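Topology and contacts: notes
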Amino acid sequence: MELLLLSNGKATEFPGLLGWARERVQSVLARKQVKRILLIPYAVIRSDWDARANELTESLGVEAISIHHFDDPVAAINQADAIFISGGNTWRLNQLLHEYSLIVPIQRAVRERGVPYVGWSAGCNVATPSIRTTNDMPVCNAAVLPALGLFPLQINPHYLDASISGHMGETRDERLAEFCAVNPSEHVVALREASLLQVSGEAIEYWSARGQDFKIFKHGEAPQEFMDAAPLAGLTPFTPKV
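It should be emphasised that the depicted structure is a prediction, and the values quoted were computed from it without experimental measurement. (Residues numbered from 1 in each chain as written. Predicted model: local features only at pLDDT ≥ 70, side-chain atom pairs only at ≥ 80, totals over all residues. Heavy atoms only, no water.)

1. Regarding the sheet that holds strand S5 (residues 117–120)
Strand order in this open sheet of seven strands is S3-S2-S4-S5-S1-S8-S9, and the pairing throughout is mixed. At either margin of the open sheet sits one strand with a lone partner, and together these are strand S3 (63–66) and strand S9 (203–208). Within this sheet the neighbouring strands show an average axis-to-axis angle of 20°, counted without direction. Pairing between strand S8 (residues 195–200) and S9: six bridges, direction antiparallel. Each residue of the ladder has a partner; that of Leu-196, found in S9, is Trp-207. Packed onto the sheet, helix H5 (residues 103–112) meets strand S1 (2–6), strand S2 (36–40), strand S4 (83–85) and S5 and runs at close to 130° relative to S4. (Pairing = 2+ DSSP bridges. Helix = DSSP H or I, 4+ residues; strand = E, 2+ residues; numbered from the N terminus. Axes fitted to C-alpha atoms, helices over the stretch in contact; angles between N-to-C directions. Contact = heavy atoms within 4.5 Å.)

Listed below in structure tokens is the structure:
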């Protein structure tokens, strides 16, 4: 299984879509001999889907085509060399993945055929067991929470532990602590901007373009900070090598 789960798609100091992770993404595409990327842009609500595909093509040097150009999206998944899922609104994305019956085809493509999966922001969220740790508003009447479950732990992308002056609502740490209190057997991996988790076979790696840590949230414990993926080995059921 080849997964690249990115907190975000763009970073100010790294030009281009996925520019901050470009070398890692291109390395996977070259190793898997990917000729064309299938982009699933369902999370994108206020921008053009073809424009997003063109951004990807220009940034990575590999042709990307949006799934909406295919009459049969399931067939498109079954024939894909690589599956990229864009950021945007997680609720809308997950709704359409279910409505178009793409959950199982994507799972089979990634798990059985070894098709690389690259997801950022919302695309990272839907790679986990559910979308319960998304930061997005439920803008559509979609109560479906189960997602692809390619990665066995919940992830919170765009993680930020800074306090905003004048903000009287809960901090991100408090929100994630609430999740763990309601779901005490589960853990949440909090990924900062310009950071990612990469799974290749049984190996898992954490990398940050800015040299920052990630956090793991557990019920009844203070969040712990880590600079490598070793602590995830004991939490993930596929017991990855690090």
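What follows continues from the structure just given.
2. Some remarks on the pattern of salt bridges
All told, the structure shown has 11 salt bridges when counted by the stated rule. With a shortest N-O distance of 2.7 Å, Lys-10 and Glu-55 are connected by a salt bridge. You can see Lys-10 sitting in the loop between S1 and helix H1 (22–31) and its partner Glu-55 sitting in helix H2 (residues 49–60), a full 45 residues away along the chain. Given the relative accessible area of 28%, Glu-55 is considered partly exposed. In this structure, Asp-161 engages Lys-215 in a salt bridge whose closest nitrogen and oxygen atoms are separated by 3.2 Å. Residue Asp-161 is located in the loop between strand S6 (154–159) and helix H7 (172–182), and its partner Lys-215 is located in strand S10 (residues 214–217); the two are separated by 54 residues in the primary sequence. Using a relative accessible area of 7% as the deciding quantity, one classes Lys-215 as buried. In this structure, a network of salt bridges that share partners links the residues Asp-161, Asp-173, Arg-192, Asp-213 and Lys-215. (Salt bridge = Lys/Arg side-chain N within 4 Å of Asp/Glu carboxyl O. Buried < 20%, exposed > 50% of the residue type's maximum accessible area, 1.4 Å probe, protein only.)

3. Points about the sheet that holds strand S11 (residues 224–226)
If you trace the four strands from one edge of the open sheet to the other, you get S6-S7-S10-S11, paired in mixed fashion. Of all the strands in the sheet, just S6 and S11 have a single pairing partner and so form its edges. Looking at each pair of strands side by side, their axes are set apart by 25° on average, direction ignored. As paired elements, strand S7 (residues 188–192) and S10 share three bridges and run antiparallel to each other. Opposite Val-188, over in S10, you have Phe-217 as the bridge partner. Docked against the sheet, H7 engages S6, S7 and S10, running at close to 170° with respect to S6.

4. Description of the nonpolar core
The biggest cluster of nonpolar side chains holds 46 residues, and the ones touching the most others in it are Ile-40, Ile-83, Ile-106 and Tyr-117. Listed in part, the 24 residues of the second largest apolar core include Leu-4, Trp-20, Phe-84 and Ala-194. (Core = buried A, V, L, I, M, F, W, Y, C linked by side-chain atoms within 4.5 Å.)

5. Observations concerning the packing of aromatic side chains
Overall, the coordinates contain six aromatic pairs when judged by the stated rule. Plain terms: the ring middles of Tyr-206 and Phe-214 are 4.7 Å apart, the flat faces sit at 50° to each other, and that makes the pair tilted. When sorted by exposure, Tyr-206 lands in the same class as Phe-214, which is buried. By the ring-pair criterion, three or more aromatic residues cluster together here, those being Tyr-42, Trp-49 and Tyr-100. (Phe/Tyr/Trp six-rings, centres within 6.5 Å; stacked < 30°, edge-to-face > 60°.)

6. Side note on the layout of surface pockets
One number sums up the size of the second largest pocket: a volume of about 180 Å³. Lining the second largest pocket are 16 residues, with Gly-9, Gly-87, Gly-88, Trp-120 and Ser-121 positioned closest to its centre. (1 Å grid on protein atoms, 1.4 Å probe; cavity = no way out; pocket = protein on both sides within 12 Å on 5 of 7 lines; lining within 4 Å. Points joined across faces, edges and corners; volume = space filled by probe spheres on them.)

7. Structural notes on H5
Those residues of H5 that fall on the buried side of the exposure criterion are Ile-103, Pro-105, Ile-106, Gln-107, Ala-109 and Val-110. Contacts made by the buried residues of H5 are with S1, S2, helix H3 (73–78), S4, helix H4 (90–99) and S5. Where H5 ends, the next residue or the one after it, Gly-114, has phi of about 70°, a positive value.

8. As for the pairing of S7
Summarising burial for S7: five of the five residues are buried, a large majority. Burial along S7 is two-sided: the residues Val-188, Ala-190 and Arg-192 and Val-189 and Leu-191 are all buried. The sheet contact formed by S6 and S7 spans four bridges and is parallel. Looking across to S7, one finds that Tyr-159 is bridged to Arg-192.

9. Topic: the side chain of Gln-198
If you trace the backbone, Gln-198 turns up in strand S8. Side-chain polar atoms of Gln-198 contact the side chain of Arg-24, separated by 2.9 Å. In contact with Gln-198, other than residues within four places in its own chain, are Leu-3, Leu-4, Arg-24, Val-28, Arg-31, Ala-203, Ile-204 and Glu-205. (Polar contact = N/O pair within 3.5 Å; in protein donor to acceptor, adjacent residues only side chain to side chain.)

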